[in-house]
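# Coordinate analysis (summary)
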Amino acid sequence: MPPFAVVHHTGRRSGRAYRAPVVAVASAAGFVIPLTYGRDVDWARNMLAAGGCELERAGRRVHLTNPRIVGFAEAAPHLPATVRPFFRALDLPGFVLTDTQA
């Protein structure tokens, strides 16, 4: 159920397949994923090391590319105007911006 999603990623050291539940907000170019538990979460580090991952949302999987960790100021233009105040108030440590593979 959007905005809830599952990130399917591969361990950067183990090579094992993992899944992590996340909130993923669709943007024009890809997705914005808030880092609710900090910038050092394994799924984000694995995604950055691999240069992407798979995201499952509403029963569909998409390939995400070009992941990068940014602050709110850079993520805000990619978020719907209706949720920007919510994420600003949360004062999260960062967001993962991604593109979707065409």
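Preceding this paragraph is the structure being described.
To keep things clear, this report deals only with the structure shown in the data block. (Residues numbered from 1 in each chain as written. Predicted model: local features only at pLDDT ≥ 70, side-chain atom pairs only at ≥ 80, totals over all residues. Heavy atoms only, no water.)

### Concerning the overall build of the protein chain
Looking only at helices and strands, the protein chain features three helices and seven strands. Ordered by position from N to C terminus, the α and β elements of the protein chain give β-β-β-β-α-β-β-α-α-β. Computed over C-alpha atoms, the radius of gyration of the protein chain comes to 13 Å, within 12% of the 13 Å expected from 2.2 N^0.38 for 102 residues, which places it in the range of a compact globule. Here the C-alpha coordinates of the protein chain stretch approximately 40 × 25 × 20 Å along the principal axes. In the protein chain, the share of contacts with a sequence separation of at least 24, taken over all contacts with a separation of at least 6, comes to 59%. (Helix = DSSP H or I, 4+ residues; strand = E, 2+ residues; numbered from the N terminus. Rg over C-alpha atoms; globule rule 2.2 N^0.38 Å. Contact = heavy atoms within 4.5 Å.)

### Section: the environment of Arg84
You can see Arg84 is positioned in helix α3 (residues 84-90). Accessibility expressed as a relative area gives 27% for Arg84, which makes it partly exposed. Residues Arg84 and Phe72, 12 residues apart in the sequence, show an inter-C-alpha distance of 9.0 Å. Those residues within four positions of Arg84 in sequence are excluded, and the remaining contacts are Phe72, Ala76, Pro77 and Leu79. A polar side-chain atom of Arg84 sits 2.8 Å from the main-chain carbonyl oxygen of Ala76. (Buried < 20%, exposed > 50% of the residue type's maximum accessible area, 1.4 Å probe, protein only. Polar contact = N/O pair within 3.5 Å; in protein donor to acceptor, adjacent residues only side chain to side chain.)

### Points about helix α1 (residues 42-50)
Inspection of α1 places Trp43, Ala44, Asn46 and Met47 among the buried residues, and these make up the whole buried set. Buried residues in α1, looked at end-on, bunch into an arc of 165 degrees, giving them a common side. The first or second residue beyond α1 is Gly51, which carries a positive phi of 80 degrees. (Arc of directions from axis to C-beta.)

### Some details on the packing of aromatic side chains
Counted according to the given criterion, the structure contains three aromatic pairs. Between Phe86 and Phe87, the ring centres sit 5.3 Å apart and the planes meet at 70 degrees, which makes this aromatic pair edge-to-face. Judged by relative accessible area, Phe87 falls into the buried class, the value being 7%. Here Phe87 and Phe95 contribute two aromatic rings whose centre-to-centre distance is 5.9 Å and whose plane-to-plane angle is 85 degrees, an arrangement assigned as edge-to-face. Take Phe95: its relative accessible area is 0%, and that puts it in the buried class. (Phe/Tyr/Trp six-rings, centres within 6.5 Å; stacked < 30°, edge-to-face > 60°.)

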